[in-house]
Amino acid sequence: MSDTLEPLLHNLRVPADYARFQHITEDSTLARLDEWKDSAERVLTELQIIVDQRKSELSLTDQADIIQAAASFDGQDSWITPTGRTKAEGILRHFDDPSQSLLTEILNHNVKPLFQSNPHPKLNASGRKLPRPAGGLMATHDFYDDQTWKTAPGVANLVSWCRDRYESLWHLIIPPVMALLDDFEACYKLRGVRIVSEMLREVPGQLLKRTGVDGLIRSSLNTCLTHLNDTESAQLIEVAVDAYLALTLLTTEKGSSGQFDQLCALLGEGVIRGIWLYASDKPDVVLASLKALPPLLRALEIGNARFLKVKSNIRRKVGKLTGQLCRDSSHSLYTHSSPTWGILGQTTFRSPRFSY
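Residues numbered from 1 in each chain as written. Predicted model: local features only at pLDDT ≥ 70, side-chain atom pairs only at ≥ 80, totals over all residues. Heavy atoms only, no water.

Turning next to the overall build of the protein chain. Within the protein chain one finds 17 helices and zero strands. Within the protein chain, the fraction of its 356 residues that count as buried is 51%. In the protein chain, once contacts between residues fewer than 6 apart in sequence are set aside, the share between residues at least 24 apart is 74%. As displayed, the protein chain offers around 17,300 Å² of accessible surface, 49% of which is attributable to carbon and sulfur atoms. (Helix = DSSP H or I, 4+ residues; strand = E, 2+ residues; numbered from the N terminus. Buried < 20%, exposed > 50% of the residue type's maximum accessible area, 1.4 Å probe, protein only. Contact = heavy atoms within 4.5 Å. Areas by Shrake-Rupley, 256 points an atom, 1.4 Å probe, with all protein chains shown as cover.)

Here's what the structure looks like:
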């Protein structure tokens, strides 16, 4: 079976050029990538037929390789067409309930080798936080050298697909997740935050605390809030605030001083004195932070009183951004009819326990 699959799987490897797709200007390169994208649809059709008819004959390694190929097309990336995504979903449907042995095979055989040359300087082999970065002060710089995993642009989709059984596979799944989250490029940070958001819906809070990864993720999310000049900044800010809030609620006791301090740090340092101060000339970024505020303010409850002094500033920002963005037809999402404004009006300016 491997002999039959090998040429198909080879033709489904996402070209490394897609890692820099937004910077490509050469017509010949773009034409070559378009040609590959069209051919990938046909190859996915052939692969789906094999899986439909002969899944029982597939070895564990064959299954892992097929999932790697199909998962690369399970997303919204530039190499994925609607037809290709549908074909990939049809293939992956055969593996909706993967066994632990299959997930282990994927993470060991298909994911780990891509990240092995860039071990995260703050994680040990068991997926726990190190007391100090391995490699000393220059470890972070070394972490960005020879990033082999970027030659496989679809790897983030594969890591995202392996989202079951976090606890038993923690040592295999957390290193690539943290590599994405701590990358210097905003596009990879965005993928990392989205995977973390999925992870926080499944993983026990005690596991995060026991391994010390809660602190690593929190630090990484704080760094995400400083990326204000990238194409992905608005999306990154919104999902990072949401993930930070989810992490805090999962790993702290409701009503505790620790939870209150973390929520206040997110709003005060991250949003008000961070994003609003340094991105005041970037309405999309500021608006993204405003859209993420309602659940944060609901979680703060009486703690909103600490930020009464900035209440009028929030009102002015909402009004200014409404006018600025509504004059631009490309921002039709942010009209007065958007539910966002109603939520902000109810939540941002009215604490659950106080009427201002």
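For the structure on display, the rule yields two cavities of 30 Å³ or more. Each pocket or cavity is described by its volume, and for the second largest cavity that value is around 30 Å³. Taken together, W149, K150, A152, P153, V155, A156, L180 and Y188 make up the full set of residues lining the second largest cavity. Grouping the amino acids of the lining of the second largest cavity by side-chain chemistry returns seven nonpolar, no polar and one charged. (1 Å grid on protein atoms, 1.4 Å probe; cavity = no way out; pocket = protein on both sides within 12 Å on 5 of 7 lines; lining within 4 Å. Points joined across faces, edges and corners; volume = space filled by probe spheres on them. Nonpolar A, V, L, I, M, F, W, Y, C, P; charged D, E, K, R; others polar.)

Glancing now at the pattern of salt bridges. On inspection of all chains with the given rule, the structure shows 11 salt bridges. A salt bridge links D17 to R20; its shortest N-O distance comes to 3.5 Å. According to the relative accessible area criterion, R20 is partly exposed, its value standing at 36%. In this structure, K150 and D183 form a salt bridge, with 2.9 Å as the shortest nitrogen-oxygen distance. Placement of K150 in the loop between α6 (139–143) and α7 (155–161) and of D183 in the loop between α8 (170–181) and α9 (186–200) is noted, with a sequence separation of 33 residues between them. Since its relative accessible area comes to 13%, K150 is described here as buried. On the basis of relative accessible area, D183 is assigned to the buried category, the value being 0%. (Salt bridge = Lys/Arg side-chain N within 4 Å of Asp/Glu carboxyl O.)

At a separation of 2.9 Å, a polar atom in the side chain of K150 contacts the side chain of D183. Among all residues touching K150, those that are not within four sequence positions of it are A19, D183, F184, E185 and Y188. (Polar contact = N/O pair within 3.5 Å; in protein donor to acceptor, adjacent residues only side chain to side chain.)

Taken as a whole, the largest pocket spans an internal volume of roughly 750 Å³. Taken together, 26 residues line the largest pocket, and the ones lying closest to its centre are Q76, D77, C187, R191 and R194. Of all elements in the fold, only α7 and α9 reach the threshold of two or more residues within the lining of the largest pocket. Counting residues per element, the lining of the largest pocket draws most heavily on α9, which supplies seven residues. Partitioned by chemical class, the residues of the lining of the largest pocket number 11 nonpolar, seven polar and eight charged.

A separate point is the packing of aromatic side chains. As enumerated under the stated definition, the model contains six aromatic pairs in all. With centroids separated by 5.0 Å and ring planes inclined at 85 degrees, the aromatic side chains of W149 and Y188 adopt a geometry described as edge-to-face. Linking W149 in the loop between α6 and α7 with Y188 in helix α9, this pair joins segments that are 39 residues apart in sequence. When its relative accessible area of 10% is taken as the criterion, Y188 is described as buried. (Phe/Tyr/Trp six-rings, centres within 6.5 Å; stacked < 30°, edge-to-face > 60°.)

The next thing to look at is the environment of R163. The topology assignment puts R163 in the loop between α7 and α8. On the basis of relative accessibility, which here comes to 39%, the residue R163 falls in the partly exposed class.

Right, let's get into the environment of I174. Looking at the element boundaries, I174 is found in helix α8. When its relative accessible area of 0% is taken as the criterion, I174 is described as buried. Linking I174 and M199, residues 25 residues apart in sequence, is a C-alpha distance of 9.8 Å. When residues no more than four places from it in sequence are discounted, the contact partners of I174 are L123, G127, M199 and V213.

For the rest of this paragraph, the subject is the packing of helix α11 (residues 213–224) against helix α12 (residues 233–251). Orientation of α11 relative to α12, taken along the N-to-C sense of each, is 155 degrees, at an axis distance of 9 Å. Between α11 and α12, the interaxial angle falls into the category roughly antiparallel. Here α11 runs over α12; the crossing is left-handed. Residues D214, I217, R218, L221, N222 and C224 of α11 touch α12, and the partners they reach there are L236, I237, A240, A243, Y244, L247 and T251. Considering only residue class, the contact of α11 with α12 consists of nine nonpolar, two polar and two charged. (Axes fitted to C-alpha atoms, helices over the stretch in contact; angles between N-to-C directions. Parallel < 35°, antiparallel > 145°, perpendicular 65-115°, else oblique. Left-handed = near helix turned anticlockwise from the far one by under 90°.)

Glancing now at α12. Look at α12: 26 Å from first C-alpha to last across 19 residues, which is about the 27 Å you get at 1.5 Å a residue. In the core, the buried residues of α12 are packed alongside α9, α10 (205–211), α11, α13 (257–278), α14 (283–291) and α15 (293–300). (Expected span 1.5 Å × (residues − 1).)

Okay, the packing of helix α3 (residues 60–71) against helix α4 (residues 82–92) next. Relative to each other, α3 and α4 sit at 150 degrees, their axes nearing to 9 Å. The angle between α3 and α4 places the two elements in the roughly antiparallel class. Crossing handedness for the pair α3 and α4: left-handed. When α3 is examined against α4, the residues I66, I67, A70 and A71 are found in contact with a partner set consisting of A88, I91 and L92. Grouping the constituent residues of the contact of α3 with α4 by class yields seven nonpolar, no polar and no charged.

The subject of this paragraph is the side chain of N157. Mapping N157 onto the fold places it in helix α7. According to the relative accessible area criterion, N157 is buried, its value standing at 5%. Dropping the residues within four chain positions of it, N157 is found in contact with A71, S72, D74, G75, D77, W79, I80 and R191.

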